[in-house]
Amino acid sequence: AQSVTQLDSQVPVFEEAPVELRCNYSSSVSVYLFWYVQYPNQGLQLLLKYLSGSTLVKGINGFEAEFNKSQTSFHLRKPSVHISDTAENFCAVSLVWLGKSTFGDGTTLTVKP
Amino acid sequence: SQTIHQWPATLVQPVGSPLSLECTVEGTSNPNLYWYRQAAGRGLQLLFYSVGIGQISSEVPQNLSASRPQDRQFILSSKKLLLSDSGFYLCAWSLDRNEQYFGPGTRLTVT
């Protein structure tokens, strides 16, 4: 079975600074990878996804992530964060042939002025 | 475009009472449907998964059940709520590419 580990439960950062949210996964077969964002008292929204092809994927709101198969990682990055990026972020992995995902425990990104 | 609805948005129920949460999807056909629970400060726990009408997979043994009476309707139920059933319940749908689209959620407080 696949699993996901988000290495940081909380990441505080100042506005306009760069940020990286770390995600490692475990699977013996090919996977799809996702990052979702959740604002308070709302559902999750897809930030970006890796299905195949280029290992650097770009998503909404200026976020990007890089798939590293050898290190089984899918870290999320943004070069300059805004106050509005404050949210809970979830990494998820799905087996290519199976239509359900396993989610990490989440990383709380807090952007300070 | 596709939309997903959940109701009610919030619910306060006493221990031992029944539960029915509804989720409907518009603008797509034969979606995969999911129920998740999110406890305070925790990640998402997959409760049920459905690939079609009447086809339900239970991921975690518990006090809850799910039904899919129509293609785009997914219902989460309980006959008798427990305190531990409190949480934020999220419904989601997906098609063949595995990315999921989430509803706005229902916050359930069992007192």
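Residues numbered from 1 in each chain as written. Chains lettered and ligands numbered in written order. Predicted model: local features only at pLDDT ≥ 70, side-chain atom pairs only at ≥ 80, totals over all residues. Heavy atoms only, no water.

Draft legend 1. Local environment of the environment of Leu19 of chain B. All names here are of chain B. Inspection of the secondary structure assignment puts Leu19 in strand β3 (residues 19–26). With a relative accessible area of 5%, Leu19 lands in the buried category. Placed 89 residues apart in sequence, Leu19 and Leu108 show a C-alpha to C-alpha distance of 9.6 Å. Setting aside residues no more than four positions away along its own chain, Leu19 makes contact with Leu11, Leu64, Leu76, Ser77, Ser78, Leu81 and Leu108. (Helix = DSSP H or I, 4+ residues; strand = E, 2+ residues; numbered from the N terminus. Buried < 20%, exposed > 50% of the residue type's maximum accessible area, 1.4 Å probe, protein only. Contact = heavy atoms within 4.5 Å.)

Draft legend 2. The interface of chain B and chain A, seen in detail. Between chain B and chain A, the contact holds 21 residues from the first and 22 residues from the second. Buried surface at the junction of chain B and chain A, both sides included, amounts to about 1,600 Å², of which 48% is carbon and sulfur. Lys100 of chain A serves as the salt-bridge partner of Glu59 of chain B, at 2.8 Å between the closest nitrogen and oxygen. At the boundary of chain B and chain A, one finds five residue pairs in polar contact (both at pLDDT 80 or more). Looking at the side of chain B that touches chain A, the elements that each hand over two or more residues are β4 (32–38), β5 (44–52) and β9 (87–94) of chain B. The dominant element in the side of chain B that touches chain A, judged by the number of residues it contributes, is β4 of chain B, at four residues. When the residues that make up the side of chain B that touches chain A are grouped by side-chain class, the tally is nine nonpolar, seven polar and five charged. (Buried area = accessible area lost by both parts, 1.4 Å probe. Salt bridge = Lys/Arg side-chain N within 4 Å of Asp/Glu carboxyl O. Polar contact = N/O pair within 3.5 Å; in protein donor to acceptor, adjacent residues only side chain to side chain. Nonpolar A, V, L, I, M, F, W, Y, C, P; charged D, E, K, R; others polar.)

Draft legend 3. Up close: the sheet that holds strand β1 (residues 3–7) of chain B. Residue and element names in this part refer to chain B. Here four strands make up an open sheet; going across it, the order is β1-β3-β8-β7 and the pairing antiparallel. In this open sheet, the two strands that pair with only one neighbour each are β1 and β7 (65–70). Averaged over all pairs of adjacent strands, the angle between their axes in this sheet comes to 20°, without regard to strand direction. Taken together, the six bridges between β3 and strand β8 (residues 73–78) define a ladder with antiparallel strand orientation. Its bridge partner lying in β8, Thr24 is registered against Gln73. (Pairing = 2+ DSSP bridges. Axes fitted to C-alpha atoms, helices over the stretch in contact; angles between N-to-C directions.)

Draft legend 4. Structural context of the pattern of salt bridges. Scanning all chains against the criterion turns up nine salt bridges over all chains. When the shortest N-O distance is used, the salt bridge between Glu66 of chain A and Arg77 of chain A registers 3.6 Å. You can see Glu66 of chain A sitting in strand β8 (residues 64–68) and its partner Arg77 of chain A sitting in strand β9 (residues 73–78), a full 11 residues away along the chain. Measuring nitrogen to oxygen at the nearest pair gives 3.2 Å for the salt bridge that ties Asp71 of chain B to Arg68 of chain B. Under the relative-accessibility criterion, Asp71 of chain B is labelled partly exposed at 22%.

The analysis is restricted to geometry; functional conclusions fall outside its scope.
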